[in-house]
Structures are given as structure tokens and as C-alpha cells.
Amino acid sequence: PVGNTVEAHLGYSISGGEDVLGDLTSDLSAGAPDTANGNVIVWDGLDFSEATNLVGDTADSRYGFSLAMIPDTNFDDKFDIAAGAPATNNNRGAFRVNEVDTAPAEQLYAADGIAGTAGQFGFSLNSLGDLNLTGKIELGIGAPWIANSRGRLESFAPPAQDIDPIILTATGTFDWGTDVTVDVVNLSEGSGGDLYWYVGTSLTNSTTNDGFYVDISN
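Notes on the structure in this doc start here. (Residues numbered from 1 in each chain as written. Predicted model: local features only at pLDDT ≥ 70, side-chain atom pairs only at ≥ 80, totals over all residues. Heavy atoms only, no water.)

1. A short note on the side chain of T52
Quick reminder of the rule: Helix and strand assignments come from DSSP, with helices taken as H or I runs of at least 4 residues and strands as E runs of at least 2, each series counted from the N terminus. In this scheme, a residue with accessible area under 20% of its type's maximum is buried, one over 50% is exposed, and one in between is partly exposed, where area comes from a 1.4 Å probe on protein chains only. Polar contact criterion, stated in full: a pair of N or O atoms within 3.5 Å, where within protein one must be able to donate a hydrogen and the other to accept it, and residues adjacent in sequence count only if both atoms are side-chain atoms. Residue contacts follow a heavy-atom distance rule, with two residues in contact if any of their heavy atoms lie within 4.5 Å.
Here T52 lies in strand 4 (residues 50-55). A relative accessible area of 10% means that T52 is categorised as buried. Polar contacts involving the side chain of T52 include one to the main-chain carbonyl oxygen of V100, which spans 3.1 Å. In this structure, T52 is in contact with L21, V40, I41, V42, V100 and A105, ignoring residues within four places of it in sequence.

Structure below.
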């Protein structure tokens, strides 16, 4: 495919080899970061017809500067498109993830670089593998100009919506000096996190020093 806009630089980034359209065929995508807002175009691998044209959110954002087809993030068994916009918001940078088999393409996730910086977050991005052992593939986002060009890499994990809500149960006599058994189910392996519990006699709802709302009225 050939770009139709002068100095759009279609092909500055490319990604393909995965099915983002849900037709069981590997598809192709390319970024054109120097259109008005930046664009990412997706072609159907069946006949190379243009299937989707994603547009950046703001002018001169250079959306499409970086690009990757990433494993399914919204549990519809189709790959999604992640693209960076490193020049948005005075080079603060951003990236977003889109599902592209719907019309219009649904935005699934978006994130900005650190406020007050010109790190060009979204300058590069790529899949990192399953770093936190949740069964989902994390995405790495580069910001090479942050902190006097020291650079920074951030990883983003898609939501694990296929895991049931966390259930916590406590059993015991709840007498002073006796053991209480706490069971927690539906945690992902490697997901981390902290478990807090309240011990006391007050039945009044309150907010802890850590900012947690405690409701033990039931």
C-alpha cells in the first residue's frame, strides 16, 4: 500500500503477522505519524484492502510513531493495536490501545507520560511477555528523553478480567488468643498486592490511616 498524503511518512512504523480483524488471516498495519494528528492504517491480510484508519487524538501528536500488534487485551480472541504519540502535550507523550475489528474502532486503554516532562513517552513500544505471571502479555513503553535524556521504560499490564472477583473469608472462634484462618481465592500467580485486616471492637464505619474505607456493620 502507498500513502496518499504528502510527507505523512506512512511506514515509519509497521507491525503485522497477527489477526486483528477476526477473519483468521494475518493482517498488516503501518503508522503515518506526520499527518495532522498522526494515523495508523490497518489492511486486511485477505486482500490487502484498507480495513481501519485510526487517527491521533490531538494535532501534531505524531500518533503512529511507534506501533505494535499485541495479544488480546479485552478477551475477544483477537489481537489489538497499540500505538505511541510521543509529541502529544508538548512532548509529554502518550500511547493508546485500540480494538480494530469494530466500526468505529474501540479505544480500550490510553495513558500519558509523566506530567510536566518532555520525555516523549510512546517513542517506542513492544510486547514484553508475561512478566507478572498473570497469563497476559505486558506492553513496554519507552520515554527516551525523560530526565535529561536518561530515559525510562514503563510496563503496562492488561486487565485480568477473566479472573473471578477476589473472595476473602476468615474463620475461627474470634476469641482473644485464638487462631483465625484467612483464605483468599481468585488471585493470579505473581500478581502481588497487600492484604489488610481490621482488628478491634468498634462497629462504626471509618477510614484507616492508609485511606481504606472499613465497613464491618454486617
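2. Some words on a nonpolar patch on the surface
Definition in use: Like charges within 9 Å and nonpolar side chains (Val, Leu, Ile, Met, Phe, Trp, Tyr) within 5 Å are joined into patches, using only residues over 30% in relative accessible area that form no salt bridge. Areas reported as accessible are Shrake-Rupley estimates using a 1.4 Å probe. Residue values count occlusion only from the protein chains shown. Salt bridge, as used here, is a side-chain nitrogen of Lys or Arg placed within 4 Å of a carboxyl oxygen of Asp or Glu.
A cluster of nonpolar side chains, contributed by I166, L168, F174, V180, V182, V184, L195, W197 and V199, occupies part of the molecular surface with about 910 Å² of accessible area. Within the secondary structure, L195 is located in the loop between strand 13 (181-185) and strand 14 (206-207).

3. Some thoughts on unusual backbone geometry
Of the consecutive residues A103 and P104, the connecting peptide bond is found in the cis state with omega at -5°. The phi dihedral of D60 is positive, around 60°, even though this residue is not glycine. Relative to the helices and strands, D60 resides in the loop between strand 4 and strand 5 (66-70).

4. Comments concerning the packing of aromatic side chains
In plain terms, the rule: We call Phe, Tyr and Trp rings a pair once their centres come within 6.5 Å, taking the six-membered ring for Trp, and we label the pair stacked below 30 degrees between planes, edge-to-face above 60, and tilted otherwise.
Counting across every chain of the model gives eight aromatic pairs. Note on Y12 and F65: the rings are 4.7 Å apart at their centroids and 40° apart in plane angle, and the pair reads as tilted. On the criterion of sequence distance, the pair formed by Y12 in the segment before strand 1 (13-18) and F65 in the loop between strand 4 and strand 5 is long-range, its members being 53 residues apart. Of the residues examined, Y12 reaches a relative accessible area of 46% and is grouped as partly exposed. Note on F95 and F121: the rings are 6.0 Å apart at their centroids and 70° apart in plane angle, and the pair reads as edge-to-face.

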